[in-house]
Amino acid sequence: MTNYLIKGAKPYGGEAADIFLKDGRIASIGEHLRVPGADVIDAAGLVALPGLVDLHTHLREPGREDAETVETGSRAAALGGFTAVHAMANTDPVADTAGVVEQVWRLGQQAGLVDVVPVGAVTVGLKGERLAELGAMADSAARVRVFSDDGMCVSDPALMRRALEYVKAFDGVVAQHAEEPRLTVGAQMHEGDRSARLGLAGWPAAAEEAIIARDVLLAGHVGARLHVCHVSTAGSVELLRWAKARGVQVTAEVTPHHLLLTDACAEGYDPVFKVNPPLRTAEDVAALRAGLADGTIDAVATDHAPHAVEDKESEWAAARPGMLGLEQALSVVVETMVETGLLDWAGVADRMSVRPAVIGRLTEQGRPLAPGEPANLLLLDPSTRATVDPAALASRSRNSPYAGRELPGRVVATFLRGVPTVLDGKAQK
Ligand code: DOR
Ligand code: ZN
């Protein structure tokens, strides 16, 4: 295989150094490295970070290959600087058996652009009635450790308790989509002054917070790991802070869109901004940024949710919730967290690579940029700003909430185990 000598990159934004990638690993990092025979990449001015790890990606295969496939979603991920993504279970058929998770895992290997890590459903068919075969999925070739009914909440507390007890046996984690369904019947956007004025049914913050409060108590009681998906309210951050202070094994993620956008986006009734949980208030956004900065929120996860045109470009109430995220995630974090001084580059690496890998129990991802480690990394040009053009995205869908918006940062290269998946900003497959 080709070996690469990356010249003059700034690991974690620090002093410029050369990084030598050999046989899939970082062989050395230092000044003025000379390696005859290696391909040289000029990385002057570029920031080197560990490859990003997404805990929450909807790849839509099997079932909705018109919206995304494992291959197109993998390409979008690589272009965004990711080297691993967790593929959510709400496919058709649902990923609730060893057979389906192995199928997704194999498709990921065939695409070969990122490590595709299947998430297993908690309940059969996401119906919230009976536990799926969690043990069989954990023991399968896909080695599932993250279980989620995402899109749906595991709302029955007794079933949630049993899921936590079950995954504890193999160090798994239940990733909860926190939404009390009895409080969000017909909900279209964040419940507040604006939803009343726009005449759209509201999704109250309490519907999320009630489930988080319940589940951290259950996780503490059982002594199992709980992960909270796409936290969206200031009150949720407060609950997580309280639970962590009590020693509950809880982790949480926030999406790029909840870090940047507010419910004001609903004003024009453009369904590209319809998402679940909904975009919240500016005060919630500030609390989410602060929670991510102080580590109360562990990770950024995209909730990349591709939708076909006919499912998205309709009137607001009929449109599916969800928005694209993979290709702009790092740029949004640069804008909301780095350029605001809330996180440095090491902090970005921690929240977008290290901690998500630990939560997913991935041992070869989220590793430091250091000799001997797997060569999973990205090179970012932080000085470029570009306007997002949905037509230019690698995703098969076009529902980007950032269309027409100028964002900072461009992923120039991504390496997966020493092999470039992206070079010069272009996917290599
Ligand atoms: O907006 C969302 N879209 N939220 C979810 O929980 C599911 C997702 C999807 O699958 O489209
Ligand atoms: Zn969700």
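The following refers to the structure shown. In this text the structure is predicted, and so the values were computed from the model without any measurement.

### As for the sheet that holds strand β7 (residues 82–87)
Link 1 in the chain: Spatial strand order, β6-β7-β8: three strands in an open sheet with parallel pairing. The outermost strands of the open sheet, each flanked by one partner alone, are β6 (52–57) and β8 (115–118). If you compare each strand with its neighbour and ignore which way they point, the axes differ by 20° on average.
Link 2 in the chain: Here β6 runs beside β7; their pairing, made up of four bridges, is parallel. Residue pairing across strands places Asp-54 opposite Val-85, the latter belonging to β7.

### Focus on the site of ligand 1
Link 1 in the chain: Arg-60, Asn-90, His-177, Asn-276 and His-307 are the nearest of the 14 residues found near ligand 1.
Link 2 in the chain: Arg-60 places a side-chain nitrogen or oxygen 2.7 Å from an oxygen atom of ligand 1.
Link 3 in the chain: At 3.0 Å, a side-chain N or O of His-307 approaches an oxygen atom of ligand 1.
Link 4 in the chain: Relative to its unbound accessible area of 290 Å², ligand 1 is 94% covered by the protein chains.

### What to know about helix α4 (residues 157–168)
One turn of the α-helix equals 3.6 residues, which is why residues spaced by three or four share an orientation.
Link 1 in the chain: The terminal C-alpha atoms of α4, which comprises 12 residues, lie 17 Å apart, in line with the 16 Å expected from a rise of 1.5 Å per residue.
Link 2 in the chain: Among the residues making up α4, those that are buried are Leu-159, Met-160, Ala-163, Leu-164 and Val-167. One side of α4 carries all its buried residues, which in axial view fall inside an arc of 140°.
Link 3 in the chain: Against the buried residues of α4 lie α3 (134–139), β9 (146–147), β10 (173–176), α6 (205–222) and β13 (225–228).

### Details of the nonpolar core
A general feature of soluble globular proteins is that nonpolar side chains tend to end up buried together.
Link 1 in the chain: Grouped together as the largest cluster of nonpolar side chains are 81 residues, with contacts concentrated most on Phe-147, Leu-164, Val-228, Leu-330 and Val-348.
Link 2 in the chain: Among residues more than four places away in sequence, those in contact with Phe-147 are Val-119, Gly-120, Ala-121, Val-122, Leu-134, Met-137, Ala-138, Val-167, Phe-170, Val-173, Val-174 and Ala-175.

### Regarding the coordination of the zinc ion (ligand 2)
In an ideal octahedron of six donors the angles at the metal are 90 or 180 degrees, and in an ideal tetrahedron of four donors they are 109.5 degrees.
Link 1 in the chain: Coordination sphere of the zinc ion (ligand 2), protein contribution only: Asp-150 (OD), His-177 (ND1) and His-230 (NE2), at 1.8 to 2.3 Å.
Link 2 in the chain: Metal-centred angles of 85 to 132° between the four donor atoms at the zinc ion (ligand 2) mark the site as irregular.
Link 3 in the chain: In primary-sequence terms, the residues that donate to the zinc ion (ligand 2) follow D-x26-H-x52-H. A residue pair is termed long-range when its members are at least 10 positions apart, and His-177 in the loop between β10 and β11 (189–190) and His-230 in the loop between β13 and α7 (234–245) qualify at 53 residues. Judged on exposure class, the residue His-177 and its partner His-230 are both buried.

Reading the values: rules and limits
Residues numbered from 1 in each chain as written. Chains lettered and ligands numbered in written order. Predicted model: local features only at pLDDT ≥ 70, side-chain atom pairs only at ≥ 80, totals over all residues. Heavy atoms only, no water. Pairing = 2+ DSSP bridges. Helix = DSSP H or I, 4+ residues; strand = E, 2+ residues; numbered from the N terminus. Axes fitted to C-alpha atoms, helices over the stretch in contact; angles between N-to-C directions. Near = heavy atom within 4 Å. Polar contact = N/O pair within 3.5 Å; in protein donor to acceptor, adjacent residues only side chain to side chain. Areas by Shrake-Rupley, 256 points an atom, 1.4 Å probe, with all protein chains shown as cover. Expected span 1.5 Å × (residues − 1). Buried < 20%, exposed > 50% of the residue type's maximum accessible area, 1.4 Å probe, protein only. Arc of directions from axis to C-beta. Contact = heavy atoms within 4.5 Å. Core = buried A, V, L, I, M, F, W, Y, C linked by side-chain atoms within 4.5 Å. Donors = N, O, S within 2.8 Å, 3.2 Å for Na, K, Ca; no water. Tetrahedral: all angles 85-135°; square planar, octahedral: opposite > 155°, others 65-115°.

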